[in-house]
Amino acid sequence: MIKAINPKEQNALEGILKGDSSVINEVYKDVLPSIIYWVKKNSGTELEARDIFQDAMIILFKKLGTGHLELTCSIKTYLKAICQNLWLNQLRKKSKSSDTEISEFEEKIAFDEDILLNIDNHDKRKVFLKHFDALGESCRKILAWFFEKTPLAEIANRMDTSVNYIKKKKFNCKEKLVTAIQSDAKFTELKN
Amino acid sequence: MTKQETYELIESYLEGTMTAESKSAFEHNLLDDETLKAELDFHSDLHHELSDKSLHDFRSKLKEADSQTSAKTIELNKDATPSVSLRKYKWMGLAASIAALIICFQYFGNMNPSNPELFASNFEAYEMVLNQRSGDNAKLLNQAILKYETRNFDQAAIDFSNLQKEEENISYQFYEAIALLGSNKAKEAKIIFNEILEEKNHLLSEQTEWYLALAHLQLDDPDSAKSLLNSFPKSHYKYSAAQDLIKSL
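Worth saying up front: this structure is predicted, and the values here are computed from it rather than measured.

Rules used in this analysis
Residues numbered from 1 in each chain as written. Chains lettered and ligands numbered in written order. Predicted model: local features only at pLDDT ≥ 70, side-chain atom pairs only at ≥ 80, totals over all residues. Helix = DSSP H or I, 4+ residues; strand = E, 2+ residues; numbered from the N terminus. Buried ≥ 20, exposed ≤ 12 C-beta atoms within 10 Å, placed from the backbone. Expected span 1.5 Å × (residues − 1). Arc of directions from axis to C-beta. Contact = placed C-beta atoms within 7 Å. Nonpolar A, V, L, I, M, F, W, Y, C, P; charged D, E, K, R; others polar. Core = buried A, V, L, I, M, F, W, Y, C linked by C-beta atoms within 7 Å.

Enquirer: So what exactly am I meant to see when it comes to the overall build of chain B here?
Expert: In terms of helices and strands, chain B carries 14 helices and zero strands. Reading chain B from its N terminus to its C terminus gives the helix and strand order α-α-α-α-α-α-α-α-α-α-α-α-α-α. Looking at chain B as a whole, 26% of its 249 residues are labelled buried.

Enquirer: Whenever I open this one, helix H8 (residues 138-149) of chain B confuses me. Can you help?
Expert: The periodicity of an α-helix, 3.6 residues per turn, causes residues three or four places apart in sequence to face the same way. Residues and elements named next belong to chain B. The end-to-end C-alpha distance of H8 is 16 Å, a good match for the 16 Å that 12 residues give at a rise of 1.5 Å each. For H8, every residue scored as buried is listed here: Leu141, Ala144, Ile145 and Tyr148. Each buried residue of H8 lies within a common arc of 100° when the element is viewed along its axis, so the set occupies one face.

Enquirer: I'm lost on the interface of chain B and chain A in this one. Help?
Expert: Listed as interface residues are 37 residues of chain B and, on the opposing side, 34 residues of chain A. Here the element with the most residues in the side of chain B that touches chain A is helix H4 (residues 53-68) of chain B; it accounts for 13 residues. A breakdown of the residues in the side of chain B that touches chain A according to their chemical character gives 13 nonpolar, 12 polar and 12 charged.

Enquirer: Mind showing me how you'd approach the environment of A:Asn85 here?
Expert: All names here are of chain A. Mapping Asn85 onto the fold places it in helix H4 (residues 75-94). What makes Asn85 buried here is the crowd of 21 C-beta atoms within 10 Å. C-alpha of Asn85 to C-alpha of Ile115: the two residues are 30 residues apart in sequence and 8.6 Å apart in space.

Enquirer: Teacher, can you tell me more about the nonpolar core here?
Expert: Burial of nonpolar side chains together is a common tendency in soluble globular proteins. Membership of the largest hydrophobic core comes to 39 residues, with the highest contact counts inside it found for B:Ala177, B:Ala179, B:Leu181 and B:Tyr211. Of all the secondary structure elements, the ones that give two or more residues to this core are helix H7 (115-122), H8, helix H9 (153-166), helix H10 (170-182), helix H11 (186-198), helix H12 (205-218), helix H13 (222-230) and helix H14 (239-248) of chain B. The dominant element in this core, judged by the number of residues it contributes, is H10(B), at eight residues. Ignoring any residue separated from it by four or fewer positions in sequence, one finds B:Ala177 in contact with B:Ala189, B:Ile192, B:Phe193 and B:Tyr211. Listed in part, the 36 residues of the second largest apolar core include A:Leu13, A:Ile59, A:Ile115 and B:Val129.

This is the structure we're talking about:
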């Protein structure tokens, strides 16, 4: 069940789930500035803030996709809590901040376990997506179709080539992706 | 077995296209072969995470939204809520009390809230997004920021006004006007907001329009407020709030 604190927020959650650009833009306009402000105030940069905000939006989107999200706070508060947790994790890893500052955050971020779990799951996804994005365009296309279970014959047809070529190309692309992910120190860290 | 064959075997297992016999043999191998098991788990995760077309589409939209909020826009854009603090709670408490008061008035007296009351329930000082800094004017700027953040609006307005004698900056003007509004000096605030709006398509235009509408309310001029609020396009960041406010006017 997806539930927000009021009908307006309910529409916004549904818009996010549907990938409605106007709703997404509105959320960006409404929430991102405060995230940038907060991250910059806490040893981060605007780019880092934008990055964690994108992660928070994906975490929210995936959570909505499960069909189970009952918010008892505003979307803005929920996203801010996710961002704060994400940033806190990054600060810990980078040791950018003193212990005092971190414990100060922790007092502010008393949030449900569910968010923390979603954040953990997102770390692995993020590594996968990062290396997927780094592939060439044709590799991304072929693998995206393949992962969506599009038959190889159909992919060959779309790419105007033979099934054998696609089969080989798909393997090469996937191998490139697998190697990149498995060589990523972050991935090794997550595995351990 | 070549790597490509291993991949294809794993893929057909994950896709459920193996024959019962091949599946049974594959599962038997998994019991003895840790490397194959690890490989299967990895590919399973990979397929799971990358097979979501809606996620790929969603990410494209996020990138679009991100690029629409340029670095410069974000520097001065919108009402970022400050970190939770007692100060904030007090502020919210005050706003809530006023809102509750308004509701009581409506219930018991069947009266519409007055324009200044509507102002009080809608006014929230715009988040301070200027950074403290070192260098020229640093002391005065840092002082102005501090005053603003502690809701010492009278002094903040003076400090932001003084800063402009040293350095022309539209954001100083903007904060001066908000501070004036916060200290019930809507008349002066209105003049500054109108000056800012003369700069067409400025980054703070939408914010300024919203606060100008609130200034009209503080001045008990609902017609001007309504007319301005009615001009907000749907894309305006305060469109919904404006619609709600119009209904109360």
